[in-house]
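Structural features, examined
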Amino acid sequence: MIEVRGVGQRAGGGRRTLRDVSLTIGSGELVAIIGGSGAGKTTLLDAIAGVRPPAEGEVSFNGAGFNGAGPGGDAGSFKAGSFGYVPQDDIVHLEMPLRRTLRYAAGLRLPSGTPPERAERAVDAVMDALALTERAGQRVGSLSGGERKRASIAVELLTRPRVFFLDEPTSGLDPATAADLMRLLRGLADSGTTVVLTTHHPPDVAVCDRVAVLTQDGRLAFYGEPDKAREEFQVEAIDDIYLRLAEADPHNWEGRFEAGPAPAAGPGVGAFGQWALLARRNLDLLSRNRLTLAVLAGSPVMVLAMFAVLFRPGAFAPESPSPGATVMILFWIAFGGFFFGLTYGLLQICTELPVVRRERLTGLRVGPYVLAKVAVLLPLLAVVDALMLGVLRALDRLPAMGWGTYAELFVTLLLCSLAALALGLLVSAAVTDPAQATMALPMLCFPQVLFVGAILPVPVMAAPGRWLSYAMSNRWAFEGLGRSLGVERLWGSGRSPLGPPLLASYGDTFARAVAVDWAVLAGFAALFLAGTCLVLARRT
């Protein structure tokens, strides 16, 4: 039984979106929340479900609040194991087949130590219950709207929740499909699951036990049986309630009714288990998205082709060095590592935020989620960075040096890519859609070009520019590469008249140990990854 007492909610700026809502939902009831657009239906649903706890009042489940206080016991564990929540957005990845998607969901949601065969039976059971068995091998993105909605519901039914929340489950569905879905929810309620949903579709209310009607300013105008709602508002159809609400002052409806009463859990998957499962899922998703694979593979090829066309061989030759070309080669190698890492990370989180938000409600930790992204993408970046160094050496754009030197170059470049990947993940967690992430790309790249010290050496920059250069991760990669390749010796002993003056303008830029640059780059990566976790935790 769910008891909602005096619940109020506020939006940004302190604007009230819910006002003193009180109602009781009995165990096994199917309840609809209706009202006009902006009345606060989703806000009330989220407050009851704990997605966004109320600013005022309280919600209890069998007498226990969200903090576990009360005679009902620990509400926190009850919530983690027995709540299902389906938002309006799809909470399934569209790239994978349905069965595989549900297998990954089962791995995250079922108790730790669940045998694989039991998890497989749970997947089969929910697909059979939702008439999705024939679609098991089909890519989720190719399913119809109603089938995708059922797939989202299937994810939640894997744990057989005792309480089920759905935000406009019939939105966008044709009448027949919507009716089928409501019959399914009616069956869940009849089997003992408490179901609460919001809807804009009046026929949905007919199969519900109770309906909560919200006024435009977030007040509860009525709560009770649908037939009594029609009597209270003196209308013949639920549709007409919306008209009555629009005609009258919201205060006229408040308080005009009597609000009447109305699987075995286990410990969740640990942090390491979540990380391993999410890493496998990320790799699976990556391998099935041809466009992403094309971008990941095509970007390095394009950059290497530009290097080959832009720079002449032999820039590092001791007998006739080209200091200007040397600076540019070092810079563009560092920028290449930065660009690859940034672009690999920018679209990783914002494209699946609805899935992450829902999985967070089932106990997903943000740390394993973020590190699983790194676990899949960093090896790819390592391959790209190694290929870039190898190809440039083969084309004589880099000098012939020992394995130790090239190992240093590789570590520097990989740490540069890792820091940029972490920055990309941070931005991806902060934006709301892929378009915003794409718009952020040039804004993130331009400072890494201007303030690194290649176009204008750091010692001759204006004071604000010098301070800003410390925050550019690419600067430390550029200087580390120069230190490993010994540009100080090359420029100081070469015949080119640019050598000594150019070296003087850089001061001690390339004089420090490369390990210092590595430590700074690793610090950037750790800082950005921690920021990603904080932003993602706040947003979800």
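Along each chain, residue indices are assigned from 1 in the same order as the chain's sequence is written. Reporting of local features is limited, given that this is a predicted model, to residues whose pLDDT is at least 70; pairs of side-chain atoms are given and counted only at 80 or more, and all residues count toward the totals for whole chains, interfaces and linings. To get the side-chain values, take all heavy atoms of the structure and skip hydrogens and water.

**Overview of the pairing of strand β10 (residues 220-224)**
- Only protein chains enter the calculation, and the probe is 1.4 Å; a residue is then buried if its accessible area is under 20% of its type maximum, exposed if over 50%, and partly exposed in between. Every helix listed is a DSSP run of H or I at least four residues long, and every strand listed is a run of E at least two residues long, numbered separately from the N terminus. The element β10 is extensively covered by neighbouring structure, given that 5 of its 5 residues are classed as buried.
- Whether two strands pair comes down to DSSP finding at least two bridges between them. Pairing analysis gives 4 bridges linking strand β9 (residues 210-214) to β10, with the strands arranged antiparallel. Bridging from a neighbouring strand, Ala-212 pairs with Tyr-223 of β10.
- Linking two consecutive strands that pair antiparallel, namely β9 and β10, is a turn of 5 residues; a positive phi of about 85° is found at Gly-218 within it.

**Describing helix α14 (residues 366-394)**
- To estimate how far a helix should extend, the number of its residues minus one is multiplied by 1.5 Å. Counted at 1.5 Å a residue, the expected span for α14 with its 29 residues is 42 Å, and the 42 Å between its end C-alpha atoms agrees.
- Here the bend at each residue means the angle between axes fitted to two seven-residue stretches, the one ending at that residue and the one beginning there. Along its length, α14 reaches its greatest deviation from straightness, about 30°, at Leu-377, and the proline Pro-379 lies no more than four positions downstream.
- Two residues or fewer past α14, Asp-396 is found with a positive phi of approximately 65°.

**Things to note about the pairing of strand β6 (residues 83-86)**
- What you see with β6 is no split at all: Phe-83 and Tyr-85 on one side and Gly-84 and Val-86 on the other are buried throughout.
- As paired elements, β6 and strand β7 (residues 163-167) share 4 bridges and run parallel to each other. Note on β7: the bridge partner recorded for Gly-84 is Phe-164.

**Here we look at the packing of helix α18 (residues 473-485) against helix α21 (residues 514-539)**
- It is at 9 Å that the axes of α18 and α21 come closest, and there the two elements cross at 155°. Taken together, the axis directions place α18 and α21 in an arrangement best described as roughly antiparallel. Handedness of the crossing formed by α18 with α21: left-handed. In this structure, α18 uses Ser-473, Trp-476, Ala-477, Glu-479, Gly-480, Arg-483 and Ser-484 to contact α21, whose residues at the interface are Val-514, Asp-517, Val-520, Leu-521 and Phe-524.
- Each residue is assigned to one class: nonpolar for Ala, Val, Leu, Ile, Met, Phe, Trp, Tyr, Cys and Pro, charged for Asp, Glu, Lys and Arg, and polar for all the others, Gly among them. Among the residues forming the contact of α18 with α21, the class breakdown is 6 nonpolar, 3 polar and 3 charged. Inter-axis angles, ranging from 0 to 180 degrees, are taken between N-to-C directions of lines fitted to C-alpha atoms, where helices are fitted over the stretch in contact. Roughly parallel means an angle under 35 degrees; roughly antiparallel means over 145; roughly perpendicular covers 65 to 115; every other angle is labelled oblique. The sense of a crossing depends on the near helix, which, turned anticlockwise from the far helix by less than a right angle, makes the crossing left-handed and, turned clockwise, makes it right-handed. Here, two residues are considered to be in contact whenever any of their heavy atoms come within 4.5 Å of each other.

**What to know about the pattern of salt bridges**
- Any carboxyl oxygen of Asp or Glu that lies within 4 Å of a side-chain nitrogen of Lys or Arg is treated as forming a salt bridge with it. Evaluated as defined, the whole model comprises 25 salt bridges.
- Residue Asp-284 is joined to Arg-100 by a salt bridge in which the shortest nitrogen-to-oxygen separation is 3.1 Å.
- Salt-bridge contacts for Asp-284 lead to Arg-288; the nearest nitrogen and oxygen are separated by 2.7 Å. Here Asp-284 and its partner Arg-288 are both found in helix α10 (residues 271-288), 4 residues apart, which amounts to about one turn of the helix.
- On the basis of relative accessibility, which here comes to 9%, the residue Asp-284 falls in the buried class.
- With a relative accessible area of 34%, Arg-288 lands in the partly exposed category.
- The network of salt bridges with shared partners includes Arg-99, Arg-103, Glu-120 and Asp-124.

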